[in-house]
Amino acid sequence: MTLDYLIIGAGPAGLQLAHLLERDGRDHLVLEAGPTPGTFFTTYPRHRQLISINKVWTGSDDPEFNLRADWNSLLTDDPALLFKNYSRRYFPDAADLVRYLADFARGLRVRYDTRVTRVARDGDLFTVHAGDDTLTARRVVVATGVSQLYVPPIDGAELAERYDTVSVDPDDFTDQRVLIIGKGNSTFETADALVETAAVIHVAGPHSVKLAWQSHYVGHLRAVNNNFLDTYQLKSQNAVLDGTVERIARRDDGGYRIDFRYARTVEAIRQIDYDRVILCTGFRFDASIFDPSARPRLVINDRFPEQTSAYESVNVPGLYFAGTLTQQRDFKRSTNGFIHGFRYGVRALHRILDARHHDTAWPAAPLEVTPEAITDAIIARINRTSALWQQFAVLGDVVVVSGDTARYHEEVPVAYLHDGGLGPEPFAFVVTLEYGPDHDQVDPFDITVPRIAENDAAHAHDASYLHPVVRVHRGGRVVAVHHLAENLENHWNLPDVHHQPLVLFVKGVLSDAG
């Protein structure tokens, strides 16, 4: 028997896709190496506090709007399967997510304790070896996440302890000098846990620390993990070192000596001694299961598979990716690396698969081809959509105009549209939510920096904060752009500020189109 879809991995992305395929009666199977859904979260984060927010009370009873502040729920019509029913904590415990995923997986076609050891491609079919079984499938969707620790090319890196196995008991580091290599959330999560017991903690890496509240990329350092920065700048024996660890060597007394090259001083190499060295350098994709006939091309230091705008391998037709692996498409720019982003990417993948293999067009609602009707539809959506809110600049709503008819398509990957996903060179209004081009260079707390006033329609194009952008695509290129003004509470529906300027813009575009 040949499956239509074989999904590798029963984490959040694999379960989301299986849920959609099950709903539509598609032939599929999920293989999971671990004994439970979301096996990754039974271990990570190591100190068990998630950094995905769970804001239960929003002042709204609109489930679509509320997903803007719910970063853990998967997409379902079952209100019982909202994460707020599993935890009320703003930053929940990882065990609550494991419990949630177990309930979400009930009734889905998942085979547990089944580790895939080889994926090969012969003609139009894949052969997947898992345990004693050999399965064939027309399409394989890899939703394993980045399951392997990324080890940077440092001489002596094998001597260091690793984030995935290091002790999480702070007492094991009492009065010790500790070096943590890395500058991401796993680094600072680990450092924060050791502040009360370690004598000295140094955090080291070649790049500047980037703060999520400024960059708007939630994978950068989150405030919930940055208490360590206080201990550095307020002189409590801890420090952030900017530069590269060139070498780790074991000292005769049992400690470690590292060769460190500073990025910002004239001192070439400095040798520093530590009792412990820990690698917290992120994760990478495990491509070891792929036979040469099905091996995807890797990018970004071989940490991710390279993908088309349809989440398909660029060099292996029929091999698709779902979940955090799809952050290759928007690396460190949007949210495909996280549940609150990739849940929409998985839904987009499902719609792409439907269009490609089941003759099912992207869902669309009919609209009158009038400035008022198109504007009303756009205004209604941007004030409640969670998909465009979470996947800013990556997903867009698309109003395709053809003659005297128009159709409103929700949550289309903008790159997929550019690549002809909705047809060649459509005449369309493409609606996204975006930050300004220099948003990550602006300190939002610096009151000396001039800013565009909220509800300033005349200068909306200079906004740095999140706001709606409407682009007109015609003949394969963008021919007009309209920005809607920022609003303190993201209410983009003021008649004179948002609605009327957009009506006039749409009217002008339709008039020019004849």
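Scroll up to find the structure.
An account of the accompanying structure is given in this report. Model, not experiment: these values are computed from the prediction.

**Comments concerning the pairing of strand 2 (residues 28–31)**
Then step 1. Side-chain alternation along strand 2 places His-28 and Val-30 on one buried face and Leu-29 and Leu-31 on a second face that is also buried.
Then step 2. Relative to strand 2, strand 1 (residues 2–8) runs parallel, the two sharing four bridges. Bridge pairing links Ile-8 to Leu-31 in strand 2.
Then step 3. A crossover links strand 1 with its parallel partner strand 2, the connecting element being helix 1 (residues 12–23), and its sense is right-handed.
Then step 4. Pairing geometry for strand 2 and strand 3 (residues 110–111), over two bridges, is parallel. Following the sheet pairing, Val-30 is matched in strand 3 by Val-110.

**Describing the side chain of Glu-189**
Then step 1. Here Glu-189 lies in helix 4 (residues 185–194).
Then step 2. For the buried Glu-189, no salt bridge is present, and the opposite-charge side chain at shortest range is Arg-46, 6.7 Å distant.
Then step 3. Within polar-contact distance, the side chain of Glu-189 engages the backbone nitrogen of Arg-46 at 3.3 Å.
Then step 4. In this view, Glu-189 contacts Pro-45, Arg-46, His-47, Tyr-163 and Asn-225; residues no more than four positions away in its chain are not counted.

**Some remarks on the sheet that holds strand 21 (residues 405–413)**
Then step 1. Pairing within the open sheet is antiparallel, and its six strands lie in the order 19-21-20-22-23-24. The open sheet is flanked by strand 19 (364–367) and strand 24 (477–483), the only strands paired with a single partner. Between one strand axis and the next, the sheet turns through 25° on average, direction left out of account.
Then step 2. Bridge count between strand 20 (residues 395–402) and strand 21: seven bridges; the pairing is antiparallel. Of the residues in strand 21, the one forming a bridge with Val-399 is Tyr-408.
Then step 3. On the sheet, helix 7 (residues 339–357) packs against strand 20 and strand 21 and is oriented at approximately 125° with respect to strand 21.

**Section: the packing of helix 1 against helix 3 (residues 94–105)**
Then step 1. The interhelical angle for the contact between helix 1 and helix 3, taken along N-to-C directions, is 25°, at an axis separation of 10 Å. When the axes of helix 1 and helix 3 are compared, the pair comes out roughly parallel. Crossing hand, helix 1 versus helix 3: left-handed. When helix 1 is examined against helix 3, the residues Pro-12, Leu-15, Gln-16 and His-19 are found in contact with a partner set consisting of Leu-101, Phe-104 and Ala-105.

**Description of the sheet that holds strand 9 (residues 177–181)**
Then step 1. Here we have seven strands laid out as an open sheet, ordered 8-14-9-10-11-12-13, and mixed in their pairing. Lying at the two open borders of the sheet, with one neighbouring strand each, are strand 8 (161–162) and strand 13 (270–274).
Then step 2. As defined by bridge partners, strand 9 adjoins strand 10 (residues 200–205) across five bridges and the pair is classed as parallel. Counterpart to Val-178 in the pairing with strand 10 is Ile-201.

**Side note on helix 7**
Then step 1. With 19 residues, helix 7 extends 26 Å between its outermost C-alpha atoms, agreeing within 8% with the 27 Å of an ideal straight helix rising 1.5 Å per residue.
Then step 2. Looking one or two residues past helix 7, Asp-359 carries a phi angle of roughly 55°, positive in sign.

**Topic: the packing of helix 8 (residues 371–382) against helix 11 (residues 495–513)**
Then step 1. With their axes 9 Å apart at the nearest point, helix 8 and helix 11 run at an angle of 130° to one another. Judged by the angle between their axes, helix 8 and helix 11 are oblique. By crossing handedness, the relation of helix 8 to helix 11 is classed as right-handed. Counting all contacts with helix 8, which are made through Pro-371, Glu-372, Ile-374, Thr-375, Asp-376, Ile-378 and Ile-379, the residues of helix 11 involved are His-498, His-499, Leu-502, Val-503, Val-506, Lys-507 and Leu-510.

**What about the environment of Asp-462?**
Then step 1. Of note, Asp-462 is situated in the loop between strand 22 (428–434) and strand 23 (467–474).
Then step 2. With 184 residues separating them along the chain, Asp-462 and Ile-278 place their C-alpha atoms 44 Å apart.
Then step 3. Among the polar contacts listed, one links the side chain of Asp-462 to the side chain of His-461, at a separation of 3.5 Å.

**As for the packing of aromatic side chains**
Then step 1. Per the stated rule, a full pass over the model turns up 22 aromatic pairs.
Then step 2. Summarising the aromatic geometry, the rings of Phe-40 and Phe-41 are spaced 5.3 Å apart at their centres and angled 85° between planes, so their arrangement reads as edge-to-face.
Then step 3. According to the relative accessible area criterion, Phe-41 is buried, its value standing at 15%.
Then step 4. Chaining the aromatic ring pairs together yields one cluster made of Phe-40, Phe-41, Tyr-44, Tyr-163 and Phe-283.

**Considering the pattern of salt bridges**
Then step 1. Enumeration over the complete set of coordinates arrives at 25 salt bridges.
Then step 2. Between Asp-62 and Arg-384 there is a salt bridge, with its nearest N and O atoms 2.8 Å apart. With Asp-62 in the loop between strand 2 and helix 2 (63–66) and Arg-384 in the loop between helix 8 and helix 9 (387–390), the pair connects residues that are 322 residues apart, well separated along the chain.
Then step 3. Overall, Asp-62 belongs to the buried group, its relative accessible area being 17%.
Then step 4. A residue is classified by how much of its surface remains accessible, and Arg-384, at 35% relative accessible area, is partly exposed.

**Looking at unusual backbone geometry**
Then step 1. Here the bond from Tyr-44 into Pro-45 is cis, since omega is -10°, no more than 30 degrees from zero.
Then step 2. Among the secondary structure elements, Pro-45 is positioned in the loop between strand 2 and helix 2.
Then step 3. Positive phi, normally seen in glycine, also occurs at Ile-300, with a value near 55°.
Then step 4. Checked against the element boundaries, Ile-300 lands in the loop between strand 16 (298–299) and strand 17 (304–305).

**Re the environment of Pro-37**
Then step 1. Along the chain, the position of Pro-37 falls in the loop between strand 2 and helix 2.
Then step 2. On the accessibility criterion, Pro-37 (6% relative accessible area) is buried.
Then step 3. The spacing of Pro-37 and Leu-353 is 316 residues in sequence and 24 Å in space, taken between C-alpha atoms.

**Comments concerning helix 3**
Then step 1. When the terminal C-alpha atoms of helix 3 are compared, their 17 Å separation across 12 residues agrees well with the 16 Å that a helix rising 1.5 Å per residue should span.
Then step 2. Within the sequence span of helix 3, burial applies to Ala-94, Asp-96, Leu-97, Val-98, Tyr-100, Leu-101, Phe-104 and Ala-105.
Then step 3. As for helix 3, its buried residues are in contact with helix 1 and helix 7.
Then step 4. Where helix 3 ends, the next residue or the one after it, Gly-107, has phi of about 85°, a positive value.

The rules we used
Residues numbered from 1 in each chain as written. Predicted model: local features only at pLDDT ≥ 70, side-chain atom pairs only at ≥ 80, totals over all residues. Heavy atoms only, no water. Buried < 20%, exposed > 50% of the residue type's maximum accessible area, 1.4 Å probe, protein only. Helix = DSSP H or I, 4+ residues; strand = E, 2+ residues; numbered from the N terminus. Pairing = 2+ DSSP bridges. Right-handed = clockwise from strand over helix to strand, strands pointing away. Lys, Arg positive; Asp, Glu negative; His and termini not counted. Salt bridge = Lys/Arg side-chain N within 4 Å of Asp/Glu carboxyl O. Polar contact = N/O pair within 3.5 Å; in protein donor to acceptor, adjacent residues only side chain to side chain. Contact = heavy atoms within 4.5 Å. Axes fitted to C-alpha atoms, helices over the stretch in contact; angles between N-to-C directions. Parallel < 35°, antiparallel > 145°, perpendicular 65-115°, else oblique. Left-handed = near helix turned anticlockwise from the far one by under 90°. Expected span 1.5 Å × (residues − 1). Phe/Tyr/Trp six-rings, centres within 6.5 Å; stacked < 30°, edge-to-face > 60°.

All quantities given are derived from atomic positions and should not be read as evidence of function.
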